[in-house]
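Coordinate analysis (summary)
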Amino acid sequence: MMFRKYRCPACGLRTGVAIIYGMPGPELFTAAQAGDVVLGGCDAEFGAPERQCTACEHAWRIKRRNLVLPDWDGNEDLKWLRDGFDQPS
Ligand SMILES: [Zn+2]
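Right, let's walk through the structure included here. Not measured: the values here are computed from a predicted model.

Side note on the environment of Arg51
- Locating Arg51 in the fold gives a position in strand β3 (residues 51-53).
- Of the residues examined, Arg51 has 20 C-beta atoms within 10 Å and is grouped as buried.
- As for Arg51 and Ile62, which are separated by 11 residues in sequence, their C-alpha atoms are 7.3 Å apart.
- Not counting the four nearest positions on each side in its chain, Arg51 is found in contact with Tyr6, Gly16, Val17, Ala18, Ile19, Ala59, Trp60 and Ile62.

A closer look at the sheet that holds strand β4 (residues 59-60)
- Within the open sheet, the 4 strands sit side by side as β2-β1-β3-β4. Their pairing is mixed. The open sheet is flanked by β2 (37-41) and β4, the only strands paired with a single partner.
- Two elements, β3 and β4, share 2 bridges in a ladder whose sense is antiparallel. The residue of β4 that forms the bridge with Gln52 is Ala59.

A look at the pairing of β2
- Pairing analysis gives 4 bridges linking strand β1 (residues 16-21) to β2, with the strands arranged parallel. Directly across from Tyr21, in β2, lies its bridge partner Gly41.
- With respect to chirality, the unit in which β1 leads through helix α1 (residues 26-33) into the neighbouring parallel β2 is right-handed.

The rules behind each value
Residues numbered from 1 in each chain as written. Predicted model: local features only at pLDDT ≥ 70, side-chain atom pairs only at ≥ 80, totals over all residues. Helix = DSSP H or I, 4+ residues; strand = E, 2+ residues; numbered from the N terminus. Buried ≥ 20, exposed ≤ 12 C-beta atoms within 10 Å, placed from the backbone. Contact = placed C-beta atoms within 7 Å. Pairing = 2+ DSSP bridges. Right-handed = clockwise from strand over helix to strand, strands pointing away.

The values reported here are purely geometric and, on their own, carry no functional implication.
What follows is the structure, given as structure tokens:
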């Protein structure tokens, strides 16, 4: 399993990792011990950070241009919304 590293907006190092919420499996426990992910606990509060820097411990949220829904790309009912808030005809 590969884990991405992200550039930390606070210290500029590429040492940011994903914060994983929910019950982790053994693979995630191993990854957390190796510093590849940070375990955020079972419940993600609204507005909880999604990345954490393993160097300076700064935590931040991902900036998104669009609202993300689970099956956003495949859902035709949401296409009008995805394409810019025009009501379907
Ligand atoms: Zn940092």
